[in-house]
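Chain by chain, the residues run as shown.
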Amino acid sequence: MSEAFRDRIDITLTVNGESVEARVPVGQHLTDFLRLELGLTGAHASCEHGVCGACTVQVDGAPIRGCLMLAPQADGAEVWTVEGLTDTAAIKDLQEAFVAKNALQCGFCTPGMLVAAKDLLSRGGVPSRQEIREHMSGNYCRCTGYEAIVDAVETVAQARAGKGAA
Amino acid sequence: MKASVGGYARASDLQHALELLSGSDGLGRVLAGGQSLIAAMNMRLSAGDLLVDISRVSELSGVSDAGDRLLIGALTRHVEIGRNPLIREYAPLLSQAVQYIAHAAIRNRGTIGGALAHADPAAEFPACILALGATLHIEGLTGRRDVAAEDFFQDVFETAIGEGEILTGISIPKTEANEAQVIEEVARRSGDYALAGLCLVKRSAGHRLALFSVGPRPLLARSAMAALDRGDLEGAAEALCDDMDPPSDTQASGAYRQHLAQVLLRRAVARIEGANA
């Protein structure tokens, strides 16, 4: 193999607001880096081919699939996981709405759902239920049948809009 | 599963990327957004590749106005294609197509060049650029060449990109006054690959109709285009069956795909006529 190609690489990034330096295997998924190296087990490794959405995390302000991004590609990136979003209370109302509306049962999909919903809610306004469903369509839930998840996201959108107008 | 990667190198610019590729002994694989490639590596459909990560090559990203054409860098992400004002104005087919491509999280990483180089016959962007009559720009260490969309897609996941070459961008003729562009597809769930789909462009020079998910590559429905130019919609719908020979698989039978294509053609024409009414 040419020397130009490495099997491990040094990366520097911020995760949940803290600077992280690490040497990673070049084929390691971002999800596995977060889970195995940093102990951040909120993002789940599930289908591992970009279909289920359980590994969704926020990178440079946008939700992405942690299983379709290699850790070396996260060099210089700003990563937020459900742990950091919880600690900073950025999605407190959303998490409370998920509980109040029974929008989770086993909870496996919930971290990904929260990151996806946060993205939609950050755009402001009150999306229609159809828009919520469309935006969340890349995140699978095998427990709730989705109705309660749409209820929770809609409730938060309405509450935030009401607060903004007051 | 976990990806099997033979090695990784991050290119600083296009020249560096081409040199890395040529030094990879044929094992090199260009990594852009990774939304198809990493999935394929995870499923071990591809293993041991030496990855040339071009995602930091800033010269390959962005949309610019080049007079009567629009230049789109290969690394322009789907999310940007969907919201870019130049594309919305001058190549609205691409803006419309974005909503059908996978899901928001995928669109935040996937790139148009990656989608075209991957050449999935069920994907939207390849059919779009075929319908638009785009030109693809390809570079290698020995120079740059341009390939027409008609000559670019060759077979399932096979394109005109040669060993050691990189797709750097595409250029698209800007919409003319009164030009109409629509995309229609049928998928069972939002974000799934289409069972069948089509892109219809109506210009003063005539119609261009590209079908996807009905064969090994996106294809121009030339007989149907000729019928549309004559103003014969029913003739075009019938001619569609001569233009394609769709496969049957677990998703849909070939006959059903033909039926869907005919329905979608009528929808597309009705949308264009409705917009002009």
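Residues numbered from 1 in each chain as written. Chains lettered and ligands numbered in written order. Predicted model: local features only at pLDDT ≥ 70, side-chain atom pairs only at ≥ 80, totals over all residues.

Colleague: I keep staring at the interface of chain B and chain A and nothing clicks. Help me out?
Modeller: By a widespread convention, an interface's size corresponds to the accessible area lost as its parts come together. Counting from both sides, the interface comprises 30 residues of chain B and, opposite them, 31 residues of chain A. Listed by contribution, the elements that provide at least two residues to the side of chain B that touches chain A are β1 (5–10), α2 (37–42), β3 (49–53) and α6 (104–107) of chain B. Sorting elements by how many residues they give to the side of chain B that touches chain A places β1 of chain B first, with five residues. In the side of chain B that touches chain A, the residues fall into 14 nonpolar, 13 polar and three charged. (Contact = placed C-beta atoms within 7 Å. Helix = DSSP H or I, 4+ residues; strand = E, 2+ residues; numbered from the N terminus. Nonpolar A, V, L, I, M, F, W, Y, C, P; charged D, E, K, R; others polar.)

Colleague: I tried to follow the domain arrangement of chain B on my own but got confused; where do I start?
Modeller: Residues and elements named next belong to chain B. The domain architecture assigned to chain B consists of domain 1 (5–53), domain 2 (63–173) and domain 3 (180–276). Here the C-alpha centre of domain 3 lies 20 Å away from the C-alpha centre of domain 2. Facing the 24 residues of domain 2 at the interface are 21 residues of domain 3. Looking at the side of domain 2 that touches domain 3, its residues break down into 17 nonpolar, four polar and three charged. (Domains from an automatic or database assignment.)

Colleague: I tried to follow the pairing of strand β5 (residues 69–73) of chain B on my own but got confused; where do I start?
Modeller: Consecutive residues of a regular strand have side chains that alternate between opposite faces of the sheet. As paired elements, strand β4 (residues 63–66) of chain B and β5 of chain B share four bridges and run antiparallel to each other. Across the sheet, the residue bridging to Ala66 of chain B is Arg69 of chain B, located in β5 of chain B. (Pairing = 2+ DSSP bridges.)

Colleague: Just checking my understanding: could you explain helix α11 (residues 233–243) of chain B for this structure?
Modeller: Residues separated by three or four positions in an α-helix point in the same direction, a consequence of the helix having 3.6 residues per turn. All names here are of chain B. Turning to α11, its buried residues number three or more, namely Ala236, Ala237, Ala239, Leu240 and Asp243. Considered in projection along α11, the buried side chains sweep an arc of 165° and stay on one side of the axis. Facing away from the buried side of α11 by over 90 degrees, the exposed positions are Glu234 and Asp242. (Buried ≥ 20, exposed ≤ 12 C-beta atoms within 10 Å, placed from the backbone. Arc of directions from axis to C-beta.)

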